[in-house]
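Topology and contacts: notes
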Amino acid sequence: MTKKDIFKALTYHKRVEILITIYEAELKETFTYSLQIAKNIDCHSEYTQKIIRRLEDAGLVDIGKKEGRIRVVSLTNKGKKVAEEIMEIKRLLKDNRWR
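A brief report on the enclosed structure follows. (Residues numbered from 1 in each chain as written. Predicted model: local features only at pLDDT ≥ 70, side-chain atom pairs only at ≥ 80, totals over all residues. Heavy atoms only, no water.)

1. Remarks on the nonpolar core
In globular proteins that are soluble, nonpolar side chains generally tend to be buried together. Core analysis: the biggest nonpolar cluster contains 20 residues, and I18, L19, I22, L55, V61 and L75 have the highest contact counts within it. Listing elements by their share of this core, those giving two or more residues are α2 (13-27), α3 (34-41), α4 (45-57), β3 (70-75) and α5 (77-95). Per-element tally for this core: the top contributor is α2, with 5 residues. (Core = buried A, V, L, I, M, F, W, Y, C linked by side-chain atoms within 4.5 Å. Buried < 20%, exposed > 50% of the residue type's maximum accessible area, 1.4 Å probe, protein only. Helix = DSSP H or I, 4+ residues; strand = E, 2+ residues; numbered from the N terminus.)

Structure (structure tokens):
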């Protein structure tokens, strides 16, 4: 996976929202799945699943084995690092330390 692939995966804000949703769930030590993510980001579940697959192709998320009717979605190590960087950027912008 190249840096270009990761950048392409994060071009749209919904993709970033998905990464942050998973990141925040993992901080709370809870599992998350595509329908739950779709509700959190106010997006159709089919589109959310498509985005999650793209994030998986970029090596940022892992789609677990099916458990009943759901598949748990988690961040890879690379996905966690990217999410942490995004959260830091959000903090910097919020605190106006970037001026």
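2. Section: α4
Each α-helix turn comprises 3.6 residues. Residues three or four places apart therefore point the same way. With 13 residues, α4 should cover 18 Å at 1.5 Å per step; its first-to-last C-alpha distance of 18 Å lies within 8% of that length. Where α4 is concerned, the buried positions are T48, I51, I52 and L55. All buried residues of α4 lie within an arc of 105° about the axis, which places them on one face of the element. The outward face of α4, more than 90 degrees from its buried face, is lined by the exposed residues E46 and D57. (Expected span 1.5 Å × (residues − 1). Arc of directions from axis to C-beta.)

3. Section: the packing of α2 against α3
At a closest axis distance of 10 Å, the pairing of α2 and α3 adopts a crossing angle of 115°. As for how α2 packs across α3, the hand of that crossing is right-handed. For the pair formed by α2 and α3, the contact residues are K14, E17, I18, T21 and I22 on the first element and I37, N40 and I41 on the second. When its residues are assigned to classes, the contact of α2 with α3 shows 4 nonpolar, 2 polar and 2 charged. (Axes fitted to C-alpha atoms, helices over the stretch in contact; angles between N-to-C directions. Left-handed = near helix turned anticlockwise from the far one by under 90°. Contact = heavy atoms within 4.5 Å. Nonpolar A, V, L, I, M, F, W, Y, C, P; charged D, E, K, R; others polar.)

4. Some remarks on the environment of K65
Counting through the fold element by element, K65 comes out in strand β2 (residues 61-67). The class for K65 is exposed, based on a relative accessible area of 74%. Excluding its chain neighbours within four sequence positions, the residues that come into contact with K65 are I70 and R71.

5. Considering the side chain of K14
Its place among the elements puts K14 in helix α2. What makes K14 buried here is its relative accessible area of 18%. Within the structure, the side chain of K14 is placed 2.6 Å from the backbone oxygen of I41, a separation counted as a polar contact. What K14 contacts, discounting residues up to four positions off in sequence, is I41, D42 and I51. (Polar contact = N/O pair within 3.5 Å; in protein donor to acceptor, adjacent residues only side chain to side chain.)

6. Things to note about the side chain of T21
In this fold, T21 is placed in helix α2. The residues contacting T21, other than those within four sequence positions of it, are I37, N40 and I41.

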